[in-house]
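Chain residues, written in single-letter form:
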Amino acid sequence: MVFRSLIRIFAPMKRIEVVAAIIHDSKGRIFATQRGYGEFKDYWEFPGGKMEPGETPEEALKREIWEELETRIMVERLMDTVEWDYPAFHLTMHCYLCHVESGHLELKEHEDAKWLKRDELKCVNWLPADWEIVSIFATK
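Thresholds applied
- Residues numbered from 1 in each chain as written.
- Predicted model: local features only at pLDDT ≥ 70, side-chain atom pairs only at ≥ 80, totals over all residues.
- Heavy atoms only, no water.
- Helix = DSSP H or I, 4+ residues; strand = E, 2+ residues; numbered from the N terminus.
- Rg over C-alpha atoms; globule rule 2.2 N^0.38 Å.
- Buried < 20%, exposed > 50% of the residue type's maximum accessible area, 1.4 Å probe, protein only.
- Contact = heavy atoms within 4.5 Å.
- Areas by Shrake-Rupley, 256 points an atom, 1.4 Å probe, with all protein chains shown as cover.
- Lys, Arg positive; Asp, Glu negative; His and termini not counted.
- Charge placed at Lys NZ, Arg CZ, Asp CG, Glu CD.
- Expected span 1.5 Å × (residues − 1).
- Pairing = 2+ DSSP bridges.
- Salt bridge = Lys/Arg side-chain N within 4 Å of Asp/Glu carboxyl O.

Asker: Can you tell me about the overall build of the protein chain, naming the residues and giving the values?
Answerer: The number of helices and strands found in the protein chain is three helices and seven strands. Taking 2.2 N^0.38 as the reference for a compact globule, 140 residues should give roughly 14 Å; the C-alpha atoms of the protein chain span a radius of gyration of 16 Å, in line with that estimate. By its C-alpha atoms, the protein chain is 55 × 35 × 25 Å across when sized along the principal axes. Out of the 140 residues belonging to the protein chain, those deemed buried represent 41%. Partitioning the intrachain contacts of the protein chain with sequence separation of at least 6 by distance along the chain shows that 66% fall at a separation of at least 24. On the protein chain, roughly 8,200 Å² of surface is accessible, and the fraction owed to carbon and sulfur atoms is 53%. Of the side chains in the protein chain, 19 bear a positive and 26 a negative charge, and the two mean positions are spaced by 3 Å.

And the structure:
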């Protein structure tokens, strides 16, 4: 029993690298999606996902948004990279400011979605790592 606990303490934490789209519109609103599965079901997040080997972050983001929302986006710029320790893994999340190029943001994997004004950003239950980005927008 003690040995298993020590393994958990000293074993290297699993690392996951993802990209996230901070999609904004001409009214200054930000697009948020609600998870419909997993440990963090019902939490809100910026859409995106894991990078595949050989992909640039921008390529991964465009692919993920197409797969999740059937929408083509224009990646504008890197906003920030968030490093966050969840209980089971360490997350590196590259967050890019984007806008819709074409498509209608059809939910393929998420439970819900909404456009939020800056003063509404803190009104939903964000995933912990996503709160880091929300804080940036909420103070501007």
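Asker: Could you give me a rundown of helix α2 (residues 57–69), with the residues and numbers involved?
Answerer: Since one α-helical turn is 3.6 residues long, residues separated by three or four positions face the same way. In a regular helix each residue adds 1.5 Å, so 13 residues correspond to 18 Å; α2 covers 18 Å between its end C-alpha atoms and thus fits that length. Taken together, the buried positions of α2 are occupied by A60, L61, R63, E64, I65, E68 and L69. Check the buried side of α2 and you find it contacts β1 (14–23), β2 (30–35), β4 (48–50), β5 (71–85), β6 (89–103) and β7 (110–116). Phi for E70, located one or two positions after α2, is positive at around 45°.

Asker: So, the pairing of β1: which residues are in play, and what are the values?
Answerer: For β1, a buried count of seven out of 10 residues is recorded, marking the element as mostly surrounded by other parts of the structure. One ladder, built from 10 bridges, connects β1 with β6; its direction is parallel. When the sheet's bridge partners are listed, V18 is paired in β6 with M93. Across three bridges, the pairing between β1 and β4 is antiparallel. Looking at the pairing, V18 lines up with K50 of β4.

Asker: So what about the sheet that holds β2? Which residues, and what values?
Answerer: The pairing of strands in a sheet happens through backbone hydrogen bonds and is either parallel or antiparallel. Taken in spatial order, the three strands make up an open sheet running β3-β2-β7, and their pairing is antiparallel. Edge positions in the sheet fall to β3 (44–45) and β7, since each of these pairs with one other strand and no more. In this sheet, β7 lies alongside β2 in antiparallel orientation, the contact comprising six bridges. In the strand pairing of β7, R35 is matched with H110.

Asker: Any chance you could break down the pattern of salt bridges for me, citing the residues and the numbers?
Answerer: Counting across every chain of the model gives 10 salt bridges. For the salt bridge of E45 with R35, the shortest nitrogen-to-oxygen distance reads 3.2 Å. Of the two residues, E45 sits in strand β3 while R35 sits in strand β2, which places them 10 residues apart along the sequence. A salt bridge links R63 to E64, with the shortest nitrogen-to-oxygen separation between them at 3.1 Å. Take R63 and E64: they sit in the same class, and that class is buried.

Asker: Mind laying out the side chain of R35, listing which residues take part and the relevant values?
Answerer: When its relative accessible area of 17% is taken as the criterion, R35 is described as buried. When sequence neighbours within four positions are dropped, the list of residues in contact with R35 reads F40, K41, D42, Y43, E45, H110, E111 and L127.

In short, shape yes, function no, at least from these values alone.
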